[in-house]
Every structure is written in structure tokens, then in C-alpha cells.
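The lines below spell out each chain.
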Amino acid sequence: MSSETSHHKPRVAVVFGGRSSEHAISVLTAGAVLRAIDREKYDVLPIGITTDGRWALTADDPERMAIEDRQLPTVAALAESTEGAVVLPVDPTNREVVYSEPGSVPKALGEVDVVFPVLHGPYGEDGTLQGLLELSGVPYVGSGVLASAVGQDKDYMKRVFTSFGLPVGPYEVIRPREWENDPAAARRKIVDFAAEHGWPLFVKPARAGSSMGITKVDDLSGLDEAIEEARRHDPKILVESLLRGREIECGVLEFEDGPRASVPAEIPPVTAHDFYDFEAKYIDSATGIVPAPLTAEQTAKVQELAVAAFDAASCEGLVRADFFLQDNGEFVINEINTLPGFTPISMYPRMWQESGVSYPELIDRLLQAALHRSTGLR
């Protein structure tokens, strides 16, 4: 059923949680999104995905989707049942969502007009969910399969950026087979990289976010432990050299006339942490400076690069682009996030707020863009 030909309010399925190590961050994001959606304009169906992959019906209760006493929320704690499952039919002619529990007759939950996927990391942000929604013929917020996959895999992301002439920092990739077949050779590869670019290094999962699994390594003694920590999140790892400079972020949002960049933000040095890690971002609530104290020329340049990165990866809807402003005055792009965090302290909505787009307006703009975008090749 098309939202444009019917008179009912568009039905939004907010899908959150997921199987990645960013499960809790996704729940936080969902809480913020559920608070902001205009209930006069949209019907809302919250669907949580547990860490083992079950699609669960959850209460529409944003207050329970928050950090309490430094404890992170989970879908399992929000699910209405420990066994019930939500099923989205893989059939473009039928958008009827069904809920079933063992021993009970399946219950129709109604049709869904658009999905707002607020999943971060693998099995959600990486093109897998987007592929399911394409098969189902259901419009969704954000980038398609290719851009989502490129945006999740920092190895291929950097390759795409390089091919488009965008500036990236030095990096090395250790693929799963390299480490499993000959860890000594893989280690030598990293040591050679350090000899060329210097210590410290950052060892990180190639396909994770929210600073999960990242270790700053000051010398050879900490290398093996850092590799194992990264591999807990992803068998493919990325090694990057330390880029000295300021951390600058910029939001990109798709408008009717194309993508536009927000005012940029700066992430100041975090004194209580070695770098802007998970604890600094989400537990200790590190705050960025919005707008970033940049010159007009620097602001224009980072906005230009952010939109160029959005286009290079064929993104849609939204992106947060992260940069380093090096001591020599040049920008280097670190990464993009195709589904950046929407928690109350997240930089993406804060940058757009400062750019004149309020949080509820941001959510509405993303949903309207998705409702007017076709699935399939476009």
C-alpha cells in the first residue's frame, strides 16, 4: 500500500538493536528517534532485533531505552516476549508485518510504509538489512546496499575515497586468512608499517563503529593484544598511523536539490581517555564543539569534502563524515558513517540543529525522503 495513495498516516517501523557489538548504541538511538517522531503525522511500530538475531516486538517506551547507572540498554530487556518473533514478508506485493509466538495463531500487525533502520555496525548498517528491505519492496531511511557496505568496511571505504581523489591517511589491512595462516608474517607487515610511519598505531576492526575494539598501540609489546581485541569484533583488521591534528566532523543531509553539508563540529582532546573511545563517547558524555572554531575557508573546504565523500560512496539520506585537520592545514578524511548515532549527545543531530534543522524536522525530512524514494535500481 502506497502512503501517497492512501489517507492513513504513514506507518514507520523503527528497527533497532541487532547482532553487532553496537547493539546498545542502537537502542539508545532508537529511544531518541521514537521521542522525536511526530505522532500526529506518523504511526510507529518499534521492532527490536536481539543479539542472537530474533526480531522482537517491543514496547513503545523511549524512557527505557537509556543508560541507567552506567548500564547499557538491550532489546532483550524491552521485548514483550522471550520467544515471539516479528516477520517481514519478502514479497514486494505484501507489506503486512506478522507477529507469532509458539503455540499461538500468528497476529497481523498491519502494513509498514517505511522502515527507519537505526542499527549500527554489521547486520544492519552494512547493507544486509538494506538488501532484505529491497527484496521486500519496503522504502527505508538512508543509503542503499552498496553505499551501506562501503560505509561499513573501512578498507573498501578508503579505496573508494582514494579512487575519487579524496585524501586519506596511511593504513594497512590484515585480512582473516593472513592472520590465521601466518600470524608472524602479518605481524611483520604491521611492524614494517610502523617503521615507515612511526608509533603509536591504532589497531581497529575493519567493519565496526562507535570506537568498538580500537586500541592505541605505543610499541611492539602491545600489538598482539590489540590485534586480538580488534578480531573479537571483526576477523579483518585495519592498522592506521597516528594523524596529528584536530578531529573535525561534518553532517551531510539529502535535500530536494541534492546533498548539503551542516556546520562542522570539533571533537576536543579527551583528557581522561587515550583517544575518543567508546567510554568517552557514550558513558562519560564527551562533548563536541558546535560549530567548530574554523576559518571560513576551512569550513567551506570540510563541507566540500563531506559532500564529495557522500557522492563518492553513492550515499543517500544522511552521512556523518569524520576528518582530521592536520598541523599542516590539510584535511584528511578518516571515515563516513551512513547511519550515525542519534543519541541526545550525538554529533550529527547537534550539527544540524546548529545549521537550522531541528531534531524532529531532521527525522521528518529523512522519513519523507525515504517515502518518496523507490526501492530497486535508482
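Each remark here, short or long, concerns the structure printed above.
Attention in this report is confined to the structure presented alongside it. (Residues numbered from 1 in each chain as written. Predicted model: local features only at pLDDT ≥ 70, side-chain atom pairs only at ≥ 80, totals over all residues. Heavy atoms only, no water.)

1. A look at the overall build of the protein
Next up, step 1: Along the backbone of the protein there are twelve helices and 16 strands.
Next up, step 2: What you see for the protein is a C-alpha radius of gyration of 21 Å, in line with the 21 Å of a compact globule of 378 residues.
Next up, step 3: Reported as C-alpha extents along the three principal axes, the dimensions of the protein are approximately 65 × 50 × 45 Å.
Next up, step 4: Here the protein holds 378 residues, and 54% of them are scored as buried. (Helix = DSSP H or I, 4+ residues; strand = E, 2+ residues; numbered from the N terminus. Rg over C-alpha atoms; globule rule 2.2 N^0.38 Å. Buried < 20%, exposed > 50% of the residue type's maximum accessible area, 1.4 Å probe, protein only.)

2. Some remarks on the sheet that holds strand β8 (residues 171–174)
Next up, step 1: A sheet is described by the order of its strands in space; here four strands give the open sequence β8-β11-β9-β10, paired in antiparallel fashion. Among the strands making up the open sheet, the edge pair consists of β8 and β10 (215–217). Averaged over all pairs of adjacent strands, the angle between strand axes in this sheet comes to 25°, irrespective of strand direction.
Next up, step 2: Note that β8 and strand β11 (residues 237–241) share four bridges and pair antiparallel. Among the inter-strand pairings, Tyr171 is bridged to a residue of β11, identified as Glu240.
Next up, step 3: Strands in contact with helix α7 (residues 183–197) are β8, β9 (201–205) and β11; relative to β8, the strand with the most contacts, it is inclined by about 175°. (Pairing = 2+ DSSP bridges. Axes fitted to C-alpha atoms, helices over the stretch in contact; angles between N-to-C directions. Contact = heavy atoms within 4.5 Å.)

3. Re the nonpolar core
Next up, step 1: Core analysis: the largest hydrophobic core is formed by 36 residues, its most contacted members being Val14, Phe16, Phe116, Phe342 and Ile363.
Next up, step 2: If you list the elements that add at least two residues to this core, you get β1 (11–17), α1 (23–36), α2 (75–78), β7 (114–117), β12 (245–255), α11 (347–354) and α12 (359–371).
Next up, step 3: The element best represented in this core is α12, accounting for seven residues.
Next up, step 4: Of all hydrophobic cores here, the second largest spans 26 residues; its members include Val150, Val252, Ala292 and Ala313. (Core = buried A, V, L, I, M, F, W, Y, C linked by side-chain atoms within 4.5 Å.)

4. Quick word on the sheet that holds strand β6 (residues 107–111)
Next up, step 1: Taken in spatial order, the three strands make up an open sheet running β4-β5-β6, and their pairing is antiparallel. Of all the strands in the sheet, the pair left with one neighbour each is β4 (85–87) and β6. The average angle at which neighbouring strand axes cross in this sheet is 25°, direction not considered.
Next up, step 2: The sheet contact formed by β4 and strand β5 (residues 96–100) spans three bridges and is antiparallel. Directly across from Val86, in β5, lies its bridge partner Tyr99.

5. So, the packing of α7 against helix α8 (residues 223–231)
Next up, step 1: Following both chains from N to C, one finds α7 and α8 inclined at 110°, their axes separated by 12 Å at the closest point. The angle between the axes of α7 and α8 places the two elements in the roughly perpendicular class. When you trace α7 past α8, the crossing you get is right-handed. Here Arg187, Ile190 and Val191 of α7 lie close against α8, whose contacting residues are Leu223, Asp224 and Ile227.
Next up, step 2: Of the residues assigned to the contact of α7 with α8, the class counts are four nonpolar, no polar and two charged. (Parallel < 35°, antiparallel > 145°, perpendicular 65-115°, else oblique. Left-handed = near helix turned anticlockwise from the far one by under 90°. Nonpolar A, V, L, I, M, F, W, Y, C, P; charged D, E, K, R; others polar.)

6. Examining the environment of Gly144
Next up, step 1: By secondary structure assignment, the location of Gly144 is in the loop between α3 (128–136) and α4 (145–152).
Next up, step 2: Considered as a pair, Gly144 and Glu316 are 172 residues apart in the sequence and their alpha carbons are 7.0 Å apart.
Next up, step 3: Setting aside anything within four residues of it in sequence, one finds Gly144 in contact with Gln130, Glu316 and Arg378.

7. Details of α8
Next up, step 1: Listed as buried for α8 are Leu223, Ala226, Ile227 and Ala230. When α8 is viewed along its axis, its buried side chains cluster within an angular range of 100° and face the same direction.
Next up, step 2: The inward-facing, buried residues of α8 abut α6 (176–181), α7, β9, β10 and β11. (Arc of directions from axis to C-beta.)

8. Overview of unusual backbone geometry
Next up, step 1: Here the amide bond leading from Trp199 into Pro200 is cis, since omega sits at 0°, within 30 degrees of zero.
Next up, step 2: Mapped onto the fold, Pro200 is located in the loop between α7 and β9.
Next up, step 3: Residue Pro291 follows Val290 across a cis peptide bond; omega there is -5°.
Next up, step 4: Mapped onto the fold, Pro291 is located in the loop between α9 (278–283) and α10 (296–312).
Next up, step 5: A positive phi angle is found at Asp69, which is not glycine, with a value near 55°.
Next up, step 6: Take Asp69: it is sitting in the loop between β3 (55–57) and α2.
Next up, step 7: We note that Arg70 has phi near 60°; this positive angle belongs to a residue other than glycine.
Next up, step 8: Looking at where Arg70 falls in the secondary structure, it is placed in the loop between β3 and α2.

9. Here we look at the side chain of Ser26
Next up, step 1: Mapped onto the secondary structure, Ser26 falls in helix α1.
Next up, step 2: For Ser26, the side chain forms a polar contact with the main-chain nitrogen of Gly17, separated by 2.7 Å.
Next up, step 3: In this structure Ser26 touches Phe16, Gly17, Val118, Leu119 and His120, once residues within four positions along its chain are discounted. (Polar contact = N/O pair within 3.5 Å; in protein donor to acceptor, adjacent residues only side chain to side chain.)

10. Section: the packing of aromatic side chains
Next up, step 1: Using the criterion set out here, one finds five aromatic pairs in the structure.
Next up, step 2: On the basis of an interplanar angle of 50° and a centroid distance of 5.9 Å, the ring pair of Phe255 and Trp352 is categorised as tilted. Within this pair, whereas Phe255 is found in strand β12, its partner Trp352 is found in helix α11, the two being separated by 97 residues in sequence.
Next up, step 3: A residue is classified by how much of its surface remains accessible, and Phe255, at 11% relative accessible area, is buried.
Next up, step 4: Where Phe342 meets Tyr348, the ring centres are 5.8 Å apart and the plane angle is 55°; that geometry is what we call tilted.
Next up, step 5: With a relative accessible area of 2%, Phe342 lands in the buried category.
Next up, step 6: Judged by relative accessible area, Tyr348 falls into the buried class, the value being 0%.
Next up, step 7: By way of ring pairs, the aromatic residues Phe116, Phe342, Tyr348 and Tyr359 are connected into one cluster.
Next up, step 8: Geometry around Tyr123 places Arg19 over its ring, the cationic atom sitting 3.9 Å from the centre.
Next up, step 9: The aromatic ring of Tyr156 is capped on one face by Arg159, whose charged end is 5.6 Å from the ring centroid. (Phe/Tyr/Trp six-rings, centres within 6.5 Å; stacked < 30°, edge-to-face > 60°. Lys NZ or Arg CZ within 6 Å of the ring centre and 35° of its normal.)

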